[in-house]
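Chain by chain, the residues:
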Amino acid sequence: MSLREYLATDFTNWSLGPYHPALPGPMMLRLQLDGEIIVSGETEAGFLHRGLEKALERHSWQSSLTYADRLDPESAIFGELAVCLAAEEIAGIDVPRRAQNIRVILSELTRISSHLGFLARMAKAVGSTPMFHYVLRDRERVLDLFELLTGARFSINFLRLGGVSADVTEGFIERVIDVCELIRIRLKEYNDLFSFNHAFLKRSSWIGVLSSERARALGVTGPNARAAGLSLDVRKSAPYSGYELIDFEIPVGRGEGGTIGDAHDRFVLRLREITQSLEILKQSVDSIPAGQFQSVKISREFTIAPGEAYSRVESPRGTLGCHLVSDGGTRPARVQFKTPSTGHMLTIPELVIGTRVEDISVILLSLDISLAEFDR
Amino acid sequence: MDTNELKRKLEIKGAGSSLKQSLAIDVGSLAHTAQFLRDEPNWQMDDLENISAFEMKGDILLTYFLKSSSTGKTMVLRATVTPKTETSEVDAVSVSHLWAIAIPLEQEISELFGVRFQGGKTRPHQVLPEGWRGFPLRKSYVFPIEFASIKHQRHEHE
């Protein structure tokens, strides 16, 4: 018997979850291992299913927005915005320019907040405690802005059909400018401290490589698709809320630390997206027009004529679709979300094959999956 | 519906000239039509954006949102299935062999609406807990007052 035959062992089956720090949320990851090399992987979700779409059917049009806010707690406004855009299309409600501008400001602040959360999770995955704390400290400044405008830090429940629930408060615009300036300075510090740090490059480059072909085939959207080289962004391809008036770029993966579409590329791309969000914010606050912040007042008995619409918004994780159906009643007949995490989850079995066990957490967290929106 | 008939129907609808085209088709020809729209050079609907389902007066309407990554055009395919009773399952055809993203979308519809996608890869109970009965997103669905020995009935405080 040769030494290789003598040392040969069977594959090991290993299950992670549903609650495990290496996972992006409650899910099961079933792996088959050859030593420390992953031979195959399979995911199972559903542990966070709340029946959200059913709940949306059981509440008035206005209350349903509050539930849509809970689709993804880290980027609450996008669930609200997707429902608002679809409902406004069916009902033929115009949104004042000022309200559209406020929606864009909140969207981009949420994108920055969500991406900072992503940076913190990636830092934790590789054991960089200083970076983790610095990023969360700065995210608090963004959450302060939400609190100033809406009274809440996470589930802001601020959008209304036909606009937003309140006008911007005094000093809000100045605070946004201050925070943008702070984040712009911090981005350089993050890069100096972490992004191209030798240890982080070793942990994140050349692993979890997603090609543009596979990204397209698996329905991946958002920063993960852009890191793979696909220039896809709903804000450009089907603009809403006045994005067509704003000049900004869509960053795509460059493979600076390793190769295009690897875990490091997904990290760096989100940093570059924050830069673009700062640019959008600057233009939005400079051009915020005077006028109304809401075009209609709706009551609990508010009805929308029978019809249906499909809205798309660019959430921090990718394209969020919302199919909304009205039967003419006081409640939505059907609200269905197509979340970006649906595509990201499909990539996991492909991306983990051939990698080592210690790379699982970096690969999974680099995809920025939200189990809250996937399970709903 | 054969390919020539489908082409004629699409020409009549004028689909492809606008971003909001929809086509209602028989559920039996769903996979064939979807494959035609994906592979035909004039259409190139290579991206399945979404599959949505909703119930209307006992019918379950399946809506497929297609998109061409090269032209940016979008299109909606719609097929209707009718369960025999409020609690019985109903069959449709899977498109997961054409688009991988259909797997989780069909899985959800399968569990929440009771639509079986023939030729698909749906697994038992991914969204709902093991042992759950009924299809919660049907309009006729009545929530159970007890599941796995846990009562869900609320009692008013005196």
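As shown above, the structure is provided for reference.
For the structure given in this document, a descriptive report is provided here.

Reading the values: the criteria
Residues numbered from 1 in each chain as written. Chains lettered and ligands numbered in written order. Predicted model: local features only at pLDDT ≥ 70, side-chain atom pairs only at ≥ 80, totals over all residues. Heavy atoms only, no water. Helix = DSSP H or I, 4+ residues; strand = E, 2+ residues; numbered from the N terminus. Areas by Shrake-Rupley, 256 points an atom, 1.4 Å probe, with all protein chains shown as cover. Contact = heavy atoms within 4.5 Å. Buried area = accessible area lost by both parts, 1.4 Å probe. Salt bridge = Lys/Arg side-chain N within 4 Å of Asp/Glu carboxyl O. Polar contact = N/O pair within 3.5 Å; in protein donor to acceptor, adjacent residues only side chain to side chain. Nonpolar A, V, L, I, M, F, W, Y, C, P; charged D, E, K, R; others polar. Expected span 1.5 Å × (residues − 1). Buried < 20%, exposed > 50% of the residue type's maximum accessible area, 1.4 Å probe, protein only. Phe/Tyr/Trp six-rings, centres within 6.5 Å; stacked < 30°, edge-to-face > 60°.

**Digging into the overall build of chain B**
Right, so step 1: Counting its regular elements, chain B contains three helices and eight strands.
Right, so step 2: Along the chain direction, N to C, the helices and strands of chain B fall in the order α-β-α-β-β-β-β-α-β-β-β.
Right, so step 3: For chain B, the computed accessible surface area is about 8,600 Å², with 51% contributed by carbon and sulfur atoms.

**A few points about the interface of chain A and chain B**
Right, so step 1: The interface of chain A with chain B comprises 30 residues on the first partner and 32 residues on the second.
Right, so step 2: Summed over the three residues of chain A that lose the most area to chain B, namely A:His49, A:Lys54 and A:Arg334, the buried surface amounts to 20% of that side.
Right, so step 3: Linking chain A with chain B are four salt bridges.
Right, so step 4: Taking the shortest distance from any N to any O, the salt bridge between B:Glu49 and A:Arg312 comes out at 2.8 Å.
Right, so step 5: Taken together, chain A and chain B are joined by 14 residue pairs in polar contact (both at pLDDT 80 or more).
Right, so step 6: Where the side of chain A that touches chain B is concerned, the elements lending two or more residues are strand E3 (37-44), helix H2 (52-57), helix H9 (212-217), strand E6 (307-315), strand E7 (318-326), strand E8 (334-338) and helix H13 (340-352) of chain A.
Right, so step 7: Looking at the side of chain A that touches chain B residue by residue, the class counts come to eight nonpolar, nine polar and 13 charged.

**A few points about helix H4 (residues 76-91) of chain A**
Residues and elements named next belong to chain A.
Right, so step 1: Its 16 residues place the ends of H4 23 Å apart at the C-alpha level, agreeing with the 22 Å of an ideal helix rising 1.5 Å per residue.
Right, so step 2: Counting buried positions along H4 gives 14 out of 16 residues, so the element sits mostly inside the fold.
Right, so step 3: One or two positions beyond H4, positive phi appears at glycine 92, with a value near 70°.

**Side note on the pattern of salt bridges**
Opposite charge on two side chains permits them to pair, given that their charged atoms come into close proximity.
Right, so step 1: Counted by the stated rule, this structure contains 40 salt bridges over all chains.
Right, so step 2: In the salt-bridge network here, residues are joined through shared partners; they are A:Asp72, A:Glu74, A:Arg121, A:Arg139, A:Arg270, A:Arg317 and A:Asp368.

**Some points on the packing of aromatic side chains**
Right, so step 1: As enumerated under the stated definition, the model contains nine aromatic pairs over all chains in all.
Right, so step 2: For the pair A:Tyr310 and B:Phe65, a centre-to-centre distance of 4.0 Å together with 20° between the ring planes defines the contact as stacked. With A:Tyr310 in strand E6 and B:Phe65 in strand E3 (residues 59-67), this pair bridges two chains.
Right, so step 3: Its relative accessible area of 13% is what places A:Tyr310 among the buried residues.
Right, so step 4: With a relative accessible area of 5%, B:Phe65 lands in the buried category.
Right, so step 5: Summarising the aromatic geometry, the rings of B:Tyr141 and B:Phe143 are spaced 5.3 Å apart at their centres and angled 80° between planes, so their arrangement reads as edge-to-face.

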